[in-house]
Amino acid sequence: MEHVVPPEAAALLARARRVVVVTGAGISAESGVPTFRDALTGLWQRFDAQALATPQAFEDDPDLVWGWYEWRRSTVRRARPNAGHTAVAAIEARLPGTVLVTQNVDDLHERAGSRDPVHLHGSLLAPRCSGCSRPAPLPDVADEPAEGRRVPPPRCAGCAARVRPGVVWFGEALPQAALDRAVEAAASCDLLVTVGTSGLVYPAAEIPRVAARLGATVIQVNPDETPLDAVAEVNLRGPAARVLPALVA
Ligand code: BJW
Ligand code: ZN
């Protein structure tokens, strides 16, 4: 069934000149990639973030952390972009200059045709050396790791330190160029569409707030309430793969 989007919301998008789309894990949920904080299916319901997604965790137990990220990568590899990702790419095609900012570490936006998403939290597909930061090749996926299996990380070809996942862990700074691009785009847009994020993780959660503060309209797409409800002029309560195609149509 089509999701009903108020014509006013579609009109806001149709009229906008400079659009920013900010996405979170919710946009990939319907592709089968688990979110972090959903009540039943979120990763942080089953796994301890402190033991997996911090620099300390990698220092304490690199095989556990690397194995967990290899399992996550294998999940993403099997997933396909959904109608939500495709609708975002359609916005970009219709309005060149649209900036897509994602917190997601998957590549589903790229596979749906988005040209240059700003990855605030890095990528599962871009490991790098934990010592010298040199990009490292992705290991073969012939032997796909099962959930919970320990896998020793490869070693850097340059300095022999351990290769680490190319994601941003708690307590780590976001890549400065990505954060700058996102903040500048938010500060100069007239419409920001936030999709499938709980709005709990900073500084990413600041981005819709920056846009709103500087006069942009914010549309939120999320089946649940979030702290961004207060920031958004329009709250479209529904799943991204239903709501976004209706918003763009
Ligand atoms: C659907 C749907 C459907 C479901 N359709 N929607 C200020 C206050 C308090 C704390 C801090 C603060 N500033 C910084 C902090 C600390 C911390 C933080 O924010 N903690 C909070 C949790 C309290 N931030 C950091 O540590 C950041 N770094 C930092 O601040 O550095 C400072 C520094 C500066 C200089 C030098 C050194 C340090 C880094 C944050 C990194 C976040 N990393 C993670 C893991 C990435 C790697 C990995 O994938 O494992 O990023 S955590 C996780 O959360 C992941 C996500 O990108 C991020 C956001 O989650 P997201 O996308 O919003 O997902 P969910 O699951 O939370 O929400 C899903 C939503 O979708 C829900 O709302 C659903 O309803 C919805 N949904 N189905 C549409 N079908
Ligand atoms: Zn190295």
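Reading guide: rules and limits
- Residues numbered from 1 in each chain as written.
- Chains lettered and ligands numbered in written order.
- Predicted model: local features only at pLDDT ≥ 70, side-chain atom pairs only at ≥ 80, totals over all residues.
- Pairing = 2+ DSSP bridges.
- Helix = DSSP H or I, 4+ residues; strand = E, 2+ residues; numbered from the N terminus.
- UniProt positions renumbered as here; feature names shortened; annotations may be inferred.
- Buried ≥ 20, exposed ≤ 12 C-beta atoms within 10 Å, placed from the backbone.
- Contact = placed C-beta atoms within 7 Å.
- Near = placed C-beta within 6 Å.
- Nonpolar A, V, L, I, M, F, W, Y, C, P; charged D, E, K, R; others polar.
- Domains from an automatic or database assignment.
- Core = buried A, V, L, I, M, F, W, Y, C linked by C-beta atoms within 7 Å.

Caption draft 1: Layout of the sheet that holds strand S7 (residues 217–221). Judged by pairing direction, the sheet is parallel, and its 6 strands sit side by side in the order S3-S2-S1-S6-S7-S8 without closing on themselves. Here the strands that pair on one side only, and so sit at the sheet edges, are strand S3 (118–119) and strand S8 (234–236). Summarising the sheet, strand S1 (residues 19–23) and strand S2 (residues 99–102) pair through 4 bridges and their orientation is parallel. Among the inter-strand pairings, valine 21 is bridged to a residue of S2, identified as leucine 100.

Caption draft 2: Highlighting the UniProt feature "binding site: substrate" (unreviewed entry) in the chain. UniProt's feature table lists "binding site: substrate" (unreviewed entry) at Tyr69 and Arg72, given in the numbering used throughout. Tracing the backbone shows tyrosine 69 in helix H6 (residues 62–78). For tyrosine 69, a count of 23 C-beta atoms within 10 Å puts it in the buried group. Once residues lying within four places of it in the same chain are set aside, the contact partners of tyrosine 69 are Leu124 and Pro165.

Caption draft 3: Expanded view of the environment of leucine 179. By the secondary structure assignment, leucine 179 is in helix H9 (residues 176–187). As for leucine 179 and valine 118, which are separated by 61 residues in sequence, their C-alpha atoms are 8.2 Å apart. Not counting residues up to four positions away in its chain, the partners in contact with leucine 179 are Leu120, Leu174 and Pro203.

Caption draft 4: Representation of the site of ligand 1 in the model. Surrounding ligand 1, one finds 35 residues, the nearest of these being Gly24, Gly26, Gln103, Gly196 and Ser198. Top contributing element to the shell around ligand 1 by residue count: helix H2 (residues 26–29), with 3 residues. Here the residues of the shell around ligand 1 sort into 18 nonpolar, 12 polar and 5 charged. Lining the shell around ligand 1 are residues from two domains, each supplying at least three of them: domain 1 (1–31 + 81–121 + 173–249) and domain 2 (34–78 + 122–167).

Caption draft 5: Molecular detail of the nonpolar core. With 47 residues, the main nonpolar core has Val20, Val101, Leu192 and Leu244 as its most contacted residues. Discounting residues that sit within four places of it in the chain, leucine 192 has contacts with Val20, Val22, Ala186, Pro208, Ala211, Ala216 and Val218. Ala29, Val33, Phe58 and Tyr69 belong to the second-largest nonpolar core, a separate cluster that totals 14 residues.

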